[in-house]
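Okay, here's what each chain looks like letter by letter:
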Amino acid sequence: MTDTMTLWRPTGPEELALVEASGWREWPPRLPEQPIFYPVLDEDYAIRIARDWNVPASGAGYVTRFEVEAGFAARYPVRQVGGRTILELWVPAEELPEFNRHIVGRIEVVHEFRDA
């Protein structure tokens, strides 16, 4: 069995629709203004982004969870971008197709937030 790393990704409805269209198996290509794909290592951090940023921006925010092969994920250094639990992997956009090939299983929605 392959060792995996659990990652979370806060997302809005447009990106989530593209993930669903992939059969819940991959992340869509980044837009030109998105040179980095940022999955996060802490569920609470993902919840804060989905609730506090995605909901005001698009009316809904989702937290997804997925597994990626740990050996592959190790090529991306963990970046601390705030407090000690504000941790992300920074995957260059051009490497996202390869990153997607190392996802184990399906991407799943674990939390949903909507405009009140």
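Our subject is the structure that appears above.
Before going into details, it helps to say that this report is about the structure given with it.

Considerations on the overall build of the protein chain
- When helices and strands are tallied, the protein chain shows four helices and seven strands.
- Radius of gyration (C-alpha) of the protein chain: 13 Å, near the 13 Å computed for a compact globule of 116 residues.
- Dimensions along the principal axes, computed over C-alpha positions, put the protein chain at roughly 40 × 35 × 30 Å.
- A buried classification covers 38% of the 116 residues belonging to the protein chain.
- Put simply, of all contacts in the protein chain between residues at least 6 apart along the chain, 78% involve residues at least 24 apart.
- Carbon and sulfur atoms provide 51% of the accessible area of the protein chain, an area that totals close to 6600 Å².

Some words on the sheet that holds strand β7 (residues 103-114)
- The three strands are arranged β1-β3-β7 in an open sheet whose pairing can be described as antiparallel. Each edge of the open sheet carries a strand with a single partner, namely β1 (4-11) and β7. Here the average twist between neighbouring strands, direction ignored, is 20°.
- Relative to β7, strand β3 (residues 60-69) is paired through eight bridges, and the arrangement is antiparallel. Of the residues in β7, the one forming a bridge with Thr 64 is Val 109.
- Sitting on the sheet, helix α1 (residues 13-21) is in contact with β1, β3 and β7, with an inclination near 135° to β1.

Quick notes on the rules
- Residues numbered from 1 in each chain as written.
- Predicted model: local features only at pLDDT ≥ 70, side-chain atom pairs only at ≥ 80, totals over all residues.
- Heavy atoms only, no water.
- Helix = DSSP H or I, 4+ residues; strand = E, 2+ residues; numbered from the N terminus.
- Rg over C-alpha atoms; globule rule 2.2 N^0.38 Å.
- Buried < 20%, exposed > 50% of the residue type's maximum accessible area, 1.4 Å probe, protein only.
- Contact = heavy atoms within 4.5 Å.
- Areas by Shrake-Rupley, 256 points an atom, 1.4 Å probe, with all protein chains shown as cover.
- Pairing = 2+ DSSP bridges.
- Axes fitted to C-alpha atoms, helices over the stretch in contact; angles between N-to-C directions.

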